[in-house]
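# Residue-level structure breakdown
For reference, the chains in residue letters:
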Amino acid sequence: MSGYLQGIIILVGINLIAVLGVSILTGFTKLFSFGNAGFMSIGAYTCAILTTRYNVPFIVAIIAGAAFAGLVGYGLGSLTLGLQGDYFLITTLGFGECVRVLFEYITPVTGGAKGFSGIPHYTNIWIVLISVILAFIFAWTLTHSKYGRNLTAIREQEVAAQAVGVDTAKNKLMAFVVSAVYAGWAGALYANSLTFLEPKIFNLAKSSELTITTVIGGLGSLTGSFLGTCVVTLLPEIFRSLSSYRMLLYGIAVVVIIIVRPSGLYGYKEFSITRIGKWFKKLGKKAGDAKRRGDVAE
Amino acid sequence: MSEILKICGLNKNFGGVRAIDSFHLQLEEGKIHGLIGPNGAGKTTIFNTVTGIYQPDSGDILFRDKKITNSKPFQIAQMGIGRTFQNIRLFSNLSVLQNVLIASNMDITYNMMQSFLRLPKYKREEEQLCEKAMNLLEIVGLQDLADARANSLPYGHQRKLEIARAVALNPALLLLDEPAAGMNGEESVELVGFIKEIKTRFHLTVLMIEHHMDVVAGLCDHVTVLNFGKTIAEGTLDDVKCNKLVVEAYLGEEK
């Protein structure tokens, strides 16, 4: 496999892990976060510092990065999840920017704005693939269990969710922590793939990219998130030859997708072989009906 | 007969408006009690205070002799008070079955790890849950629509689904907020039979708000009549019908 292709697969995989986290938070619980790049940043720096300065094994460093991001998510969520929709969003936005600025200031720890270099290149395609599979299975089993049902209940109708005994505060916090852990996990893989970090990689644009990807893929759908990640990560690559116009085309593509399919590529349903089968059957039946009608007309 | 719900001296103000004014209620187990009164009398506010959505300014609410006044809505639901809403609040983008499943989540004891590994416990409990939900849908007559999206159902079915969802919680007390709203005479008659059936089958005590007097007459053992937050009459429907204050509240003062 060529190095370029491997690089692309690694990039899609890392983005997918972060997007799955946002998908659980936004797609299933309808909490919008514009601070998940902050959690990515925390995971990335934790992992980078542990592997570079303390020679901690990579796997342990990834777990530490994800766990630390989750811990910060727990603290932030406990403080802010009582706020309603938009207000919560603003606090996450503030959080993301705070992390960026903080990491620029604490130069002895993070290398500051100059960046953090010399991170060992540990991330390879196998670690990313295993991570993606684990992350996907966990997200799938979570959303296809009572936990996922509680989250969708909050998404659909919060007052009614409480009226049937769903502890909405606890479930929202769980979704937020899971999304922070996923972001930290993705950040950790990213750090040891890039070998160089600077705080501004994880800016507001990165956070909004994660949310845009989730919305394009389709809210409430993990397979949709997968599809969305492929589209959003690959589009700029496909248009690479057009150099400076590529971001323009990328923007247009995003707008077109949202206009044509407002619920996203795969909103509120999962990709399934049986549904595809049913769809073909229906198509076949339609064609058959049309043919019969044609026969009658003759 | 023991009291399942006891409300003493309940007060609730919204700004300068006294929405509930020293409200008292003693509800015996197995009874159906009606709350009636003109619009804005404070009936739904009482429901919202009992279910913890509003905190009362003063007064006590006791459910099975336990004070629930400071509990959160989900805790009150878990204790065994199910409710429906005046303006139907279903999980509209989810299927009919999912709506009932969510309300049955309390029956589940597996944890996140057991679900992640899909252990037999997860499978067994999910199967039991599905079975219970389908049984419940059969009772309300929605079994054929289990996969339909909740907001695609006709209005009457949505009301039934909401009741089914409340019953899936295994409540001891069911609060119904205008179950017959928007129904015609025939549908109301059917609803009366339906509520009676689920009441006996699930051993429920029911507190209901209703404007349709034929529904109230068909179901309620006792009624409380409210006007501007104040209780103006109590007793059987026949008792309160002749009460002067009640007639005035509905029709205005005789000149």
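Residues numbered from 1 in each chain as written. Chains lettered and ligands numbered in written order. Predicted model: local features only at pLDDT ≥ 70, side-chain atom pairs only at ≥ 80, totals over all residues.

## Examining the interface of chain A and chain B
We count it as follows: Distance between backbone-placed C-beta atoms decides contact: two residues are in contact if it is within 7 Å. A helix here means a DSSP run of H or I that spans at least four residues, while a strand means a run of E at least two residues long, and both kinds are numbered starting from the N terminus. All residues other than Ala, Val, Leu, Ile, Met, Phe, Trp, Tyr, Cys, Pro, Asp, Glu, Lys and Arg, Gly among them, are scored as polar; the first ten of these are nonpolar and the last four charged.
With 21 residues of chain A at the interface, the matching set in chain B holds 25 residues. Only α6 (125-143), α7 (146-156) and α8 (158-163) of chain A provide two or more residues apiece to the side of chain A that touches chain B. Looking at the side of chain A that touches chain B, the element that brings in the most residues is α7 of chain A, giving seven residues. Along the lines of polarity and charge, the residues of the side of chain A that touches chain B split into nine nonpolar, eight polar and four charged.

## Brief notes about the domain arrangement of chain B
Spelled out, the test is: Note: domain ranges come from an automatic or database domain assignment.
Domain annotation of chain B identifies domain 1 (1-80 + 171-182 + 200-255) and domain 2 (93-161). Taken over C-alpha atoms, the centre of domain 1 of chain B sits 30 Å from the centre of domain 2 of chain B.

## Remarks on unusual backbone geometry
All names here are of chain B. Applicable threshold: Once C-beta atoms are placed from the backbone, each residue is buried if 20 or more other C-beta atoms lie within 10 Å of its own, exposed if 12 or fewer, and partly exposed for counts between those two.
Non-glycine residue D65 carries a positive phi angle of around 65°. Following the sequence through the fold, D65 ends up in the loop between β4 (58-63) and β5 (66-67). Even without glycine at this site, N170 takes up a positive phi of about 60°. Judged by C-beta crowding, with 15 C-beta atoms within 10 Å, N170 ranks as partly exposed.

## Observations regarding the sheet that holds strand β6 (residues 81-83) of chain B
Residues and elements named next belong to chain B. The following threshold applies: The pairing criterion for strands is at least two bridges between them, as found by DSSP. The convention used is that axes are lines fitted to C-alpha atoms, helices contributing only their stretch in contact, and that angles between N-to-C directions extend from 0 to 180 degrees.
Spatially, six strands are ordered β6-β7-β8-β3-β9-β10 in an open sheet, and the strand pairing comes out mixed. Only two strands of the sheet have a single partner each, and these edge strands are β6 and β10 (230-235). The mean inter-strand angle of the sheet, taken between neighbouring strand axes irrespective of direction, is 20°. This element, helix α1 (residues 43-50), spans β3 (32-36), β6, β7 (173-177), β8 (205-209) and β9 (222-227) of the sheet and lies at about 145° to β7.

## As for the nonpolar core
The condition is simple: Connectivity within a nonpolar core runs through C-beta atoms within 7 Å, and the core itself is a set of buried Ala, Val, Leu, Ile, Met, Phe, Trp, Tyr and Cys residues.
Within the largest apolar cluster, 135 residues are counted, with the highest numbers of intra-cluster contacts made by I17, A18, Y182, W185 and A186 of chain A together with A164 of chain B. It is helix α9 (residues 168-194) of chain A that provides the largest number of residues to this core, a total of 15 residues. Ignoring sequence-local partners within four residues, the contact set of A18 of chain A consists of N36, M40, Y182, A183, A186 and L210 of chain A.

## Focus on the sheet that holds strand β2 (residues 17-28) of chain B
All names here are of chain B. On the basis of which strands lie adjacent, the open sheet formed by four strands has the order β2-β1-β4-β5 and antiparallel pairing. Edge positions in the open sheet fall to β2 and β5, since each of these has one partner strand only. As judged from the two bridges shared by β4 and β5, these two strands associate in the antiparallel manner. If you follow F63 over to β5, its bridge partner there is K66. Across the sheet, α1 lies against β1 (3-14), β2 and β4, angled at about 65° from β2, the strand it touches most.

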